[in-house]
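# Topology and contacts: notes
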Amino acid sequence: MKMQYNKDESVIIVGAGLSGLRAAHLLHEQGIPCMVLEARDRIGGRVLSLAVEGDPALGTFDLGPTWYWPRYEYAMDRLVKELGLQTFEQFTEGKMLVERSRTEPPLQHDLPAGAMDYSFRLVGGVKALIDALVARLPTETIHLNAKVTAIHQQSNGKVKVQTHEKEFHTSSVIIALPPRVIEQNISFLPKMPVEVQSNLINKPTWMGGQAKIVAVYDNPFWRDQGLSGFVSSRVGPLQEIHDASPSSGSGALFGFFGLSARMRLSMEKEQIIELVMHQLIHLFGPSAKHVKAILYKDWSSDIHTAVEKDSEPLLDFPNYGPVINKKDSLQNIFFAGTEMASQQGGHLEGALQSAERVANEIIKRYIQ
């Protein structure tokens, strides 16, 4: 029996990260009303762009995703142009550093031309993309502090979505959350098929076991030394460092940790920062002491992003892709997010491709 969809009934989207907001944007463009329920007290999900408290003129810095590659990330490139966002190329000029020992100076290497595929960043951070999408939605679309706890398929074909305080009824639900967060935090009635549940559990959360730290300076002093800011380290605590400076003005370096999530969580934040500063001074010299601010985000301790299983280090790039959801018990429930992408899983591009795939499926149902 063919389901009839009420065009005045809001599609419920769970999660106000990039994937959820892009889906909302696409539905709104087609005149399909939607409502976005977000557990956090902010929008963006794993997109987190912060200014320095007390000195916003230094710029905005990404503690979540940072880059995109327009040469082969077409959805991202297309949306950035559509929204009229300003971009600049990631700085890569100069020598890279290789740190093999804490007691010996780092080695300097000239990278051959084309060794690093050119990537772009957004002026104002990736938050500029989130803000631009939100600006194109009706103000009442997004509901913060609305954690979804249960989703029930009802006998009349409708779906009941429940938060701690309210319940909503709809014909279609898009769940745009990390797969393991879905499996752990939302109860389904009837229960999800075993293969779907297993699929969710076996999709590691991108950045779920990672942390990012940004050291902000008055200017990118390392460039005057002929350095690119790119570092590969065997001794850490940061195993990879990049130039995170804005397009003009201040300078910044950000790094990915070699320390495991469990090790970081056993340490005080101040201890972690002290280790990072020692490393930056060892790499870049005394000028690295004159830091204006340190921004730090450990995604493994963010309950809306990661579960305990995400603390296990990844040995290989995760095998991402759509959840198997062509089951009668999930006919009106769709899964989106960067872990659900067939290509570019873990990237901003993956989040967009997944959102566009799911939104198009729903649009076909409503626009007949």
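Every value quoted in this text rests on a predicted model; they were computed, and no experiment measured them.

### Re the overall build of the protein
- Helix and strand content of the protein: eight helices and 20 strands.
- Taking 2.2 N^0.38 as the reference for a compact globule, 368 residues should give roughly 21 Å; the C-alpha atoms of the protein span a radius of gyration of 22 Å, in line with that estimate.
- Projected onto the principal axes, the alpha-carbon positions of the protein cover approximately 70 × 40 × 40 Å.
- Evaluated residue by residue, the protein yields a buried proportion of 55% over its 368 residues.
- By sequence separation, contacts in the protein at least 24 residues apart represent 72% of the contacts at least 6 residues apart.
- Summed over its atoms, the accessible surface of the protein is roughly 17000 Å², and 49% of this surface lies on carbon and sulfur atoms.
- Computing the positive centroid from 37 side-chain charges and the negative centroid from 41, the protein places the two 5 Å apart.

### Examining the side chain of Lys 212
- Following the sequence through the fold, Lys 212 ends up in strand β15 (residues 211-217).
- There is a polar contact of 2.7 Å between the side chain of Lys 212 and the side chain of Thr 66.
- With residues near it in sequence (within four places) discarded, Lys 212 still touches Asp 62, Leu 63, Gly 64, Thr 66, Met 207, Phe 254, Gly 255, Phe 256, Phe 257, Leu 295, Tyr 296 and Lys 297.

### Remarks on helix α5 (residues 194-201)
- All of the buried residues along α5 are Val 196, Asn 199 and Leu 200. Down the axis of α5, the sector holding all buried residues measures 95 degrees, keeping them to one side.
- Looking at the buried residues of α5, the elements they touch are α4 (179-185).

### A few points about unusual backbone geometry
- With omega at -5 degrees, the peptide bond leading from Leu 189 into Pro 190 counts as cis.
- Counting through the fold element by element, Pro 190 comes out in the loop between β14 (187-189) and α5.
- Of note, the amide linkage connecting Gly 236 to Pro 237 takes the cis form, showing an omega dihedral of 15 degrees.
- Relative to the assigned elements, Pro 237 resides in the loop between β16 (227-233) and β17 (238-243).
- In this structure, Asn 145 takes a positive phi of about 55 degrees despite not being glycine.
- Mapped onto the fold, Asn 145 is located in the loop between β9 (142-143) and β10 (148-153).

### A look at the sheet that holds β10
- Pairing within the open sheet is mixed, and its four strands lie in the order β12-β11-β10-β14. Each end of this open sheet is capped by a strand with a single partner; those strands are β12 (167-170) and β14. Each strand axis lies, on average, 15 degrees off the axis of its neighbour in the sheet, ignoring direction.
- As defined by bridge partners, β10 adjoins β14 across three bridges and the pair is classed as parallel. Residue Ala 150 lies in a different strand from β14, and its bridge partner there is Ser 187.

### A few points about the pairing of β16
- Most of β16 is tucked away: six of the seven residues are buried.
- Where strand β6 (residues 95-99) meets β16, four bridges bridge the pair, whose relative direction is parallel. Across the sheet, residue Val 98 finds its bridge partner in β16, namely Ser 232.
- In this structure, β16 lies alongside β17, joined through two bridges in antiparallel fashion. Paired with Val 231 across the two strands is Ile 241, which belongs to β17.
- With antiparallel pairing between neighbouring strands as the criterion, β16 and β17 make up a hairpin whose turn holds four residues, including Gly 236 at a positive phi of roughly 65 degrees.

Quick notes on the rules
- Residues numbered from 1 in each chain as written.
- Predicted model: local features only at pLDDT ≥ 70, side-chain atom pairs only at ≥ 80, totals over all residues.
- Heavy atoms only, no water.
- Helix = DSSP H or I, 4+ residues; strand = E, 2+ residues; numbered from the N terminus.
- Rg over C-alpha atoms; globule rule 2.2 N^0.38 Å.
- Buried < 20%, exposed > 50% of the residue type's maximum accessible area, 1.4 Å probe, protein only.
- Contact = heavy atoms within 4.5 Å.
- Areas by Shrake-Rupley, 256 points an atom, 1.4 Å probe, with all protein chains shown as cover.
- Lys, Arg positive; Asp, Glu negative; His and termini not counted.
- Charge placed at Lys NZ, Arg CZ, Asp CG, Glu CD.
- Polar contact = N/O pair within 3.5 Å; in protein donor to acceptor, adjacent residues only side chain to side chain.
- Arc of directions from axis to C-beta.
- Pairing = 2+ DSSP bridges.
- Axes fitted to C-alpha atoms, helices over the stretch in contact; angles between N-to-C directions.

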